[in-house]
Amino acid sequence: MAGAFRTAILIVLAFSIAIIPVEAGSLGGAIEAAKPVVVSKPRVDVIKRTVALVGSVEPEAKVTVLPKASGRVERILVDEGQFVKKGDPLAIIERYELELAVRQAEAAVASAEANLERARKLARVKAESQLKQAQAALAAAQAGLEQVKGISEATVQARIRQAEAGLEALKANLEKIKKGARPEEIKRMEAMVEQAKAAMENARENYERMSALYEQGVISKQTMDGVEMQYKVAKAQYEAALQQLEIVRKGAREEDIRAMEAQVRQAEANLELAKLYARTRSWEKDIKLAESKVRQAEAALELARASWEGEVWKLEVKLAESQLKQAKAALDLARKRLEEATVRAPIDGVVSRRMAEVGVMVAPTVPMFEIVKADRVKVIAAVSESEIPHLKEGMPATVRVVTGEFRGKVDFISPVVDPKTRSVKIKIWLDNPDGRIKPGMSADVILTLELRPKALLVPRTAVLTENGESYLFVVENGRAVKKRVKVGLTDEWNAEIVEGIGPDELVVVEGGNTLEDGDPVRI
């Protein structure tokens, strides 16, 4: 019994001696100590990659207001910081001369309207009247030609003979006066007076008729002078006959005889003038001139008839209509220039600058105001060209300024890269109804370039690198197992594992940098 107990004690001591060196690391390191680690399973969650940019705030619109008119500023109607709506007056430029121009243009329109009304009423009547006048002018020219043809060589010769007969009669009367007249001679002289009177009347009528033709340009001045001379001769012969009859009735005195002799000499001179007129043959020229007048009248009649039949008179109405349109256009222009003397706001917004003062001269090249529209603002930032593949219009953006943080989206990506900065410009639009975002502010822009909604995530401390490759440790059967992994997105706390581990593995998240593949671990 005692021997058996001793044997048991020896066996226990021998086993104890066999395992003590393993726990203590003796006996050639046959048994290693387990390393403490902290483990967790990967989790499926959202991860995103962001980039921080510095940008600047610009208004939705900024307009420099230039006047359209030149002149001296009469009034300034707004000041800096004042809200204006599109079309509100900002300033008034001197406009007295422009108002005068408008009144002048209005008067021109009224005149053109009256001309058009008159043309519509009278153009047709006027054309018809012109046709009738041309017909009458032709008839008058033809009548004048016939009258001129009446002044023939035979007529002129007859007048010469008449002058010769008158001269002979005067001479005979002179002899009778000197000798004394008998009663039958007195009667004969009375008959001569009547004949002379009739000749004078005929000459007067011819003179009046030829005067009308001369005024119309049908006969020459030379012919007119001859007709006038004939009338004067006939008149003188009549007056001489009267005087002779009176002398015969009363008895001749010495002075009467001298007067009669003077009349004889006058008759001789008139006869010479008649012969001279006959030698000039001026009636031939007058006939040609009258024929020319007839041809001109025929041409004028043809033109008037063509105008009437072709309704050319309607062109006068169209011309009046065109002149009215021109007058109205000039009035519109004058009114436009007058309106342009009032400088108006081109957009809704706030007057950010006022550069003009009352009394200064301005012109279309001189800025007067600056207006900004900031109900919406745009944030301009530059993104490195390396991020271009991840940029998309509509992607979310966070904008931080001193007055707060705002959410927006990328509305514009420049199609070109700035060669100096190797970056592209982006624009982010933000609503700004309360005006908290001021144009000119500096802004921090956060862009989410990549987003994985169901990523397999581990703490960033779990991922280690060696020779440019990523790896981590998982615990399997109490030991650390080294696994190479492919890392996707990372953020401040997490790393996305694209491949290399599964969702149910125990990943060493603390203590991994002291492990070697296969090390025993204690969780």
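Right, let's walk through the structure included here. These numbers come from a predicted model, not from an experiment.

Procedures and definitions
Residues numbered from 1 in each chain as written. Predicted model: local features only at pLDDT ≥ 70, side-chain atom pairs only at ≥ 80, totals over all residues. Heavy atoms only, no water. Helix = DSSP H or I, 4+ residues; strand = E, 2+ residues; numbered from the N terminus. Buried < 20%, exposed > 50% of the residue type's maximum accessible area, 1.4 Å probe, protein only. Contact = heavy atoms within 4.5 Å. Pairing = 2+ DSSP bridges.

1. Topic: the environment of V463
One can find V463 in the loop between β14 (442–459) and β15 (464–466). Here V463 falls in the buried class, since its relative accessible area comes to 17%. It is 9.5 Å that separates the C-alpha atoms of V463 and R484, two residues lying 21 residues apart in sequence. Other than its neighbours up to four places away in sequence, V463 contacts V458, S470, Y471, V487, A495 and I497.

2. What to know about the environment of A34
Assignment of secondary structure puts A34 in the loop between α1 (2–24) and β1 (35–36). Since its relative accessible area comes to 34%, A34 is described here as partly exposed. Sequence separation between A34 and I523 is 489 residues; the distance between their C-alpha atoms is 9.2 Å. Here A34 is in contact with P520, V521 and R522, once residues within four sequence places are set aside.

3. Digging into the pairing of strand β16 (residues 469–476)
Of all eight residues in β16, six are buried; the element is thus mostly enclosed. Here β15 pairs with β16 via three bridges, running antiparallel. Considered in β16, the bridge of T465 is made with S470. Linking β15 back to β16 in an antiparallel pair, the connection comprises two residues, with N467 at a positive phi of about 55°. Sheet topology note: the β16/strand β17 (residues 479–484) ladder contains six bridges and is antiparallel. Paired with F473 across the two strands is K482, which belongs to β17.

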